[in-house]
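# Reading the structure
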Amino acid sequence: MPKHEPVLLKNMLQPGYTGSLADYERAGGYQALKKVVGKVAPADVTAMVIKSGLRGRGGAGFPTGVKWNFLPKDYKGTKYLCCNADESEPGTFKDRQLMERDPHQVLEGIAIACYAIGAETAYIYIRGEFVLGSKILDQAVTEARAAGYLGKNVLGTGVNVDIWVHRGAGAYICGEETALLESLEGKRGLPRVKPPFPATSGLYGKPTVINNVETLANLPHIVNRGPEWFASIGSPPKSAGTRIFCVSGHVKRPGNYEVPMGITCRELIFEQAGGMRGDKPLKAFIPGGASAPFLTPDHLDVKLDFESVAQAGSMLGSGGVTVMEEGTDMVWAALRLMEFFHHESCGKCSPCREGSSWLVQTLRRILAKRGRMEDLETLVQLCNNIAGRTVCAFGDAEVAPILSTLKYWRPEYEALIREAEAHRAHELPMAAARH
Amino acid sequence: MPNVAVETVKLTIDGQSLTVPKGTLVIEAARQVGVMVPHFCYHPKLKPDANCRMCLVEIEKIPKLQTACSTPVAEGMVVRTATTVVNEAHKSVLEFILANHPLDCPVCDQGGRCDLQDFSHEYTPTTSRFIEVKRVFQKEYFSPLIEKQMNRCVQCLRCVRYCDEVMDVKALAPVNRGTMTEIKHFGTHELDCEFCGGCIQICPVGAITSRLSMYEFRPWMLKRADTVCTYCGDGCQITLQTKDNQLIEVNSSLGAGRNNGDLCARGYFGYHATTHPDRLTTPLVRRDGRLVPATWDEALEYVAETFAQLKLKHGAQVFAGVITARCTNEDLYLFQKFMRLAVGTNKLDSSARYGQVNAVRALCRIQGTHRWPVTFEDIAAAEALLLVGTNITEANPITGLRVKEAVKKHGATLLTVESLQPTVGTISNIANLAAHHFTAHPDQYKPVVLGLIKAVIEEGLADQPLSQKAPAYLQAIRDAVHALSWPTIEAATGSSAASFKEAARAFARTARAVIIVGAGVLREPGASGLAATLQDLLLLTGHHGRPGCGLAPLAEQNNDQGAVEMGTVTECLPGPCDLDDQEARARVSALWQEDLPQGPGLTIPEILEEARGKTLKALYLVGEDPVGSLPESARAKEALEGVEFLVCQELFLTETAQMAHVVLPACSYAEKDGTFTNTEGHVQQVRHAIEPVGESRPDWEIFSDLAGLMGYPLEYGDAKDLLKEIRALVPGYNLPGPTPKPSRPDHTAVDRYLQQGYAEDLGERYRYTPPVKAAGRLTLLVDQSLFHSGKFSTKAKGLLHLQAEGAVSLNPADAARLGIVEGDRVLLSNELGHCRTTAKVWDRIPAGLCRFPEHFDQEARRLLSVSIDVATGVPYYRSAQVKVEKAQ
Amino acid sequence: MTKFTAWIKTIIFYEILVGMKATLSHLLHYKPITLQYPHEKRTLPDSYRGMLALLRYDDGTEKCVGCDLCEAACPSRVIKVFSAEVPGEPTKRYAKEYYMDMTRCLFCGLCVDACPVDALGMTREFEWAVYDKRQLRLNKEQLLAIGDRSYPVREKRLEFQHPNVAFFNVAFKGLPEKES
């Protein structure tokens, strides 16, 4: 028995659990849906979610119930719910497991959310590469529809909830909510200018709520066991509930670990994930996916909840914890992440589009020992010029690895550059860069 | 425009407080107080996209900088655009944009008028911190007219958005992502679109430039002349840019003219026609059977002398004159004055005869005025639009843009009755935007309109006040449409009764409705009747006479409307007033201090008829080419051969001019001053951009000199003097304002029509007899295409790149049935003759129809027969029944 | 005393002597400073601004890209450029015709400063007296010839100097030429 009681992963940890409808029902599935649909007023469901203190698990950590409340109150037309399953953050793989191993849990959550916000149609925007996941979800939707949990007239209550699974075409940016909407509409996946926010004008110009898979999967449990129960676990009041952390990197047992929020990083890495590979000392870790700044061993005792991590200068983000052991080249690590962001920059706004390629090229040059001291200053300035000046949050995310590595491991950069200066005989940097 | 009380908000920008309407964007508000916020992706015509991040400004109480182009103003907002933080932001964004921008300003045609250049000078240091290698795109051939240099692109997507939002063509799209984002067109072939040139005009940098004028200029060398395009009746203001008396390029600035900076392919790429090397440069006089160059004095004296002799010998009634409606109002006015005074005959006509006369007549009859009751702004603000036989995208593209704006931006309901089917293609199709579309052959417009009227009556949509005001009229229509059964209409049109009813409901229940008719109606038999029937539809639905509603017939030539108003059509005096209107005659002769000639006028077909009968001795043709433009069945050549003395005043040595005794070289619109009256009746200034080519002279000067030599001095200092005289006779020619005032219907005329006027031809108009069609034949429609206008534009090298020869377009099903594939040689034939051409398979052509561009109809014309409207004397020769087969 | 001194100065024309001092001193030890041009020639300063010339790259191609900036910079309207696409090399720009009316030139060198590709240079030639001033309207070939004789050492092509200008003014394959 694990130290912490799993909630979302509970079913799939049972031996022989296949994720089929029968299995899910046996494990007590769809009870929550039966409990609310037609019995509890939608507004009360929303109130329940607010009371539970559930916050978005996608990255930004926005309170879910509050988000639902942003929908226009007296709006009579079509509303949509979009389930953001475009999990593309490097080092994050929780949604995939939730969808592939226990799809009905997600579907039940979506159905409850749809009921709460009054949407009759929900779209699951699943990452293009998750072929298996989309097949499983499709299958699950068919099963649930046949069983009367979805579709027209859910459970005979007159409520309609239709779920459609849409596979993306392979772009990280489509995890950004407005880009996701554009992509879902069949356009180029570029983020929209906000305002208007999706709550007022989202998919096809209609009020839309976009929630992460893990967020939605929490809903059946909140309904079943009550918001008070949910609010009691984790580190209330701000960070209630459990969180699936995807631990990867130089640890003994990488994988998904569902723990209550508020445990320390040390506990997660050294107890849950079995400690460092080969028991080498830890050098750095990212607490919340690639767009979160790096943290150092000094931060091992930081509690893993939204506020504490933010205070430590990073963010909890999507819960992807990447651990790096002593000996990791931090400049290389920053470049590796930066290359990802460069590849995924959608190209809509100038600072991110041009900045990402500039940063990548400069980092490559430094790593190839052709750097110059003034490059470091340029890097910092460029990062500051990108952050906060772009349409979406991508700009803020992409500078995180550089800024944090420069903050904690600047000597590594300087060493490379000093080496470059020593080696560079009389060659100009430009001439070198050509080859 | 609708007058709605606008909410306003008060805000402060850089310390200046101002009040602007709610919803205004900060960048627009800033412009109003003279604060320029730098920007690339923002454009007033486009929805904000905020992708360049150049327009960041500081707004009090908002921690992050905001983009001025996407932030609407709010009450009490305090905006700062010139703080250190904002300045730093501008610098940094520019630094990013410049990182990959090549340093090729010296060879870039945009250099000198480039936004990026200007902002760089203003905000950035001279050296860049970017020392990496710039990204380079694969060079791609775009089109013969448009040059694309993606390395210079700043990815503002203005071109893509313009192509979609304004033009509705969607020819361009961004491809790839990140720094490698590239603007491309669809498909592997070269760019194939409307070629409106909008992407070139809207590009803030030199990424998309014109290949026609490439490397020929630097912006600071160009002299500019704002004038009016002559390729259709829309009257777009264009800026002709010249260098050393050479036309270099055409632009149209935002907010200028009736087109608000939008142009079509003809306007943007068609300017080379005026400076074509074939232009006549000296007068030509026929000596020993050959046309030889002569001096102006020789030629004019010869003409004056011969005219005087013929007049002495046969009297004034053996003279006739025809002028093209491409001339300025001043030319047209002086021509009719010359013919009426110096020559002394009413036998004059202009090319407005070919269609515009029908439109003006229908307007005059039921509305009492001869101009549109609406403006372009009313079209854009209309709630319902009915387009009948316009093919508006190709014939009048800029009016078409107003229709697109109404539908796409303001959600108007569009009904189209067109000989085109809605399909997606490389040229925008107005039928795609239609809520209700009726595909109609040219002879089916009438049953469709009758079907709509029947639906209005049967659905009880008829206007209530009308039934009290004119019960007899309403009853007459009721009886007439009752006599038509739905099966008849359904069989005649191929559309169901339900669709008519639905369309009628959509049209009738709106507050602002405009009906636009085009050449499909005005240049087909029964035109004036159908135009009147459409007015009936407006009367029935209660739209007639309401502001912002009415019938808008599209003029085909740039000054068709002016030709009628100048009295240059045979039945009119300047005003336009009826030739027999004694009061008007007195007014005109008082001003001219001369008696007006008595005797009847002659329309163009009648002039040709008289010439054939040898009763016409002298013919003065100004810019008209009957031999080259009328079908052979009109026997123009035979007619002109019978004329004793033929004078042609022309730009080129046309087929008619080759037969002339004297050819006088005239100036094109780019070389003269004057005014044009566009289709909506807006008078606009024409200004010369280059000096006359060769010895050519403005038309009015030639008339004036000729009149002097004939002893009837008509002397004017310049075109402005003429305009002054025109103002005294024709209302609406005072200083042209930025927007026209639409004419208000004259109630006495409307009442006269409602009480008795309708009766004279109502029976005829509401009777439908199905046309007899020979089996196995297709209807050939000789029609205007987007890339040309008349024969004049076929001299423009830019337009010839787009379309250099005629091809007959066939419906895919018809083509398959006939075993014809794209590019096949086909033989078109009927009783009148045959012609060989190339086939083009186009899914926009409905079954049973085939289309041929009129600009290349030298051979196809042989197939056309001419019928003449009894009421208006308009010759119709646009369609024929032909047999199509694969040529052996 | 002072009165006396003043009187003496008056009678010996003291002020004039002071004024003529330089002249009179040269009277004593005379050395001619006039150069017997054209038999003798002056040494020109290093930054001498003489006749203008058009230059070439080391492979013999003209440097000039026909950008007209020299024309724009010229204060006395000496230069006239007619630019066009290079025949056979689509989208590459050059000066089809290039004229300098040297009768108007004031050798300010602004055109040389303005040139973005260093295609213009000032030579040390100045002996350009002609009988017919029409001969001073120089065309492109003449200007290139001046450059050829005055600048024997030529630069490498731009694209070989710096990778970021590789696409500065190049021709593209597979494109039809622009018709004139």
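Given the structure is predicted, the values throughout are model-derived calculations rather than measurements. (Residues numbered from 1 in each chain as written. Chains lettered and ligands numbered in written order. Predicted model: local features only at pLDDT ≥ 70, side-chain atom pairs only at ≥ 80, totals over all residues.)

Now for the overall build of chain B. Regarding its fold elements, chain B presents 31 helices and 36 strands. Along the three orthogonal principal directions, the C-alpha set of chain B runs to about 85 × 70 × 65 Å. Evaluated residue by residue, chain B yields a buried proportion of 59% over its 888 residues. The contacts of chain B with a sequence gap of at least 6 include a subset with a gap of at least 24, amounting to 72%. (Helix = DSSP H or I, 4+ residues; strand = E, 2+ residues; numbered from the N terminus. Buried ≥ 20, exposed ≤ 12 C-beta atoms within 10 Å, placed from the backbone. Contact = placed C-beta atoms within 7 Å.)

The next thing to look at is the overall build of chain C. Along chain C, the regular secondary structure elements total seven helices and five strands. Reading chain C from its N terminus to its C terminus gives the helix and strand order α-α-α-β-α-β-β-α-β-β-α-α. Here the C-alpha atoms of chain C give a radius of gyration of 27 Å, more than 25% beyond the 16 Å that 2.2 N^0.38 yields for 180 residues. When its C-alpha atoms are laid out on the principal axes, chain C stretches across 100 × 35 × 30 Å. (Rg over C-alpha atoms; globule rule 2.2 N^0.38 Å.)

For the rest of this paragraph, the subject is the packing of helix α14 (residues 330-344) of chain A against helix α15 (residues 350-367) of chain A. Residues and elements named next belong to chain A. For the pair α14 and α15, the least separation of the axes is 9 Å and the interaxial angle reads 150°. One way to sum up the angle between α14 and α15 is to call them roughly antiparallel. Considering the relative orientation of α14 and α15, their crossing is left-handed. On α15, the residues that touch Val331, Trp332, Ala334, Leu335, Met338, Glu339, Phe341 and His342 of α14 are Ser356, Ser357, Leu359, Val360, Leu363, Arg364, Ile366 and Leu367. (Axes fitted to C-alpha atoms, helices over the stretch in contact; angles between N-to-C directions. Parallel < 35°, antiparallel > 145°, perpendicular 65-115°, else oblique. Left-handed = near helix turned anticlockwise from the far one by under 90°.)

Right, let's talk about the sheet that holds strand β1 (residues 8-13) of chain B for a bit. Residue and element names in this part refer to chain B. Taking strand neighbours across the sheet as the criterion, the five strands line up as β2-β1-β5-β3-β4 in an open arrangement whose pairing is mixed. With partners counted over all chains shown, the strands left at the sheet margins are β2 (16-21) and β4 (66-67), one partner each. For strand β3 (residues 56-59) and strand β5 (residues 77-80), the ladder comprises two bridges, and the chain directions are antiparallel. Among the inter-strand pairings, Ile59 is bridged to a residue of β5, identified as Val79. (Pairing = 2+ DSSP bridges.)

Residue and element names in this part refer to chain A. Viewed as axis vectors pointing N to C, helix α6 (residues 94-101) and helix α8 (residues 131-146) meet at an angle of 40°, and their least axial separation amounts to 8 Å. Overall, the two elements α6 and α8 adopt an arrangement that is oblique. In the packing of α6 onto α8, the handedness of the crossing is left-handed. Residues Arg96, Met99 and Glu100 of α6 lie in contact with α8, whose contacting residues are Leu132, Gly133, Ile136 and Leu137. Looking at the contact of α6 with α8, its residues break down into four nonpolar, one polar and two charged. (Nonpolar A, V, L, I, M, F, W, Y, C, P; charged D, E, K, R; others polar.)

Looking now at the environment of Asp168 of chain B. Residue and element names in this part refer to chain B. Relative to the helices and strands, Asp168 resides in the loop between α4 (158-166) and β7 (172-175). A residue is classified by how many C-beta atoms lie within 10 Å of it, and Asp168, with 21 of them, is buried. In contact with Asp168, not counting residues within four places along its chain, are Lys404, Lys408, Ser428 and Leu433.

Now for unusual backbone geometry. With an omega of -5°, the peptide bond running from Lys194 of chain A to Pro195 of chain A counts as cis. Relative to the helices and strands, Pro195 of chain A resides in the loop between α9 (177-184) and β5 (208-212). Residue Asp279 of chain A is not a glycine yet carries a positive backbone phi of 55°. Inspection of the secondary structure assignment puts Asp279 of chain A in the loop between α12 (265-272) and β10 (282-286). Since 8 C-beta atoms lie within 10 Å of it, Asp279 of chain A is described here as exposed. Positive phi outside glycine occurs at Asp68 of chain C, with the angle close to 70°. By the secondary structure assignment, Asp68 of chain C is in the loop between β1 (52-54) and α4 (69-73).

Turning to the domain arrangement of chain B, a few remarks are in order. Note: interface size is frequently given as the accessible area lost on complex formation between the parts. Each domain of chain B was delimited in the assignment, giving domain 1 (8-99), domain 2 (295-355 + 559-729), domain 3 (356-553) and domain 4 (778-886). Taking only C-alpha atoms, the centre of domain 1 of chain B and the centre of domain 3 of chain B are 44 Å apart. (Domains from an automatic or database assignment.)

In this section: the confidence of the model for chain C. Do not read the fine detail of predicted coordinates wherever pLDDT is low. Averaged over every residue, the pLDDT of chain C is 90; the share at 70 or more is 98%. Under the prediction, the complex receives an ipTM of 0.92, its pTM being 0.93. (pLDDT = per-residue confidence, 0-100.)

As a further point, take the sheet that holds strand β32 (residues 833-841) of chain B. What the six strands build is a closed barrel, ordered β29-β33-β30-β32-β31-β36 (chain B); its pairing is mixed. Pairs of neighbouring strands in the sheet enclose a mean axial angle of 45°, with direction left out of account.

What follows deals with the environment of Gly187 of chain B. Tracing the sequence through the fold places Gly187 of chain B in the loop between β8 (182-185) and α5 (198-202). Sequence separation of Gly187 of chain B and Asp699 of chain B is 512 residues, and the distance between their C-alpha atoms is 48 Å.

Looking now at the pairing of β5 of chain A. Residues and elements named next belong to chain A. The element β5 is largely enclosed, with a buried count of five among its five residues. Side-chain alternation along β5 places Thr208, Ile210 and Asn212 on one buried face and Val209 and Asn211 on a second face that is also buried. As judged from the five bridges shared by strand β1 (residues 80-85) and β5, these two strands associate in the parallel manner. Across the sheet, Leu81 pairs through a bridge with Val209, a residue of β5.

Moving on, we come to the confidence of the model for chain B. With 99% of its residues at a pLDDT of 70 or more, chain B has an overall mean of 92. Element-level mean pLDDT values for chain B span from 88 in helix α14 (residues 464-469) of chain B up to 97 in strand β26 (residues 662-665) of chain B.

Time to look at the pairing of strand β36 (residues 879-886) of chain B. In this sheet, β36 of chain B lies alongside strand β29 (residues 778-783) of chain B in antiparallel orientation, the contact comprising four bridges. Bridge pairing in β36 of chain B places Leu780 of chain B opposite Ala880 of chain B.

Let's shift gears to helix α16 (residues 373-386) of chain A. Taking 1.5 Å per residue, 14 residues should reach 20 Å; α16 of chain A reaches 21 Å between its end C-alpha atoms and fits that length. Looking at α16 of chain A, one finds that the buried residues are Asp375, Leu379, Leu382, Cys383, Asn385 and Ile386 of chain A. Axial view of α16 of chain A: buried residues confined to an arc of 160°, hence all on one face. Exposed and oriented more than 90 degrees from the buried face of α16 of chain A are Met373, Glu374 and Glu377 of chain A. The secondary structure elements touched by the buried residues of α16 of chain A are α15, α17 (394-398) and α18 (400-408) of chain A together with α2 (84-99) of chain B. At the exit of α16 of chain A stands Gly388 of chain A, carrying a positive phi of roughly 80°. (Expected span 1.5 Å × (residues − 1). Arc of directions from axis to C-beta.)

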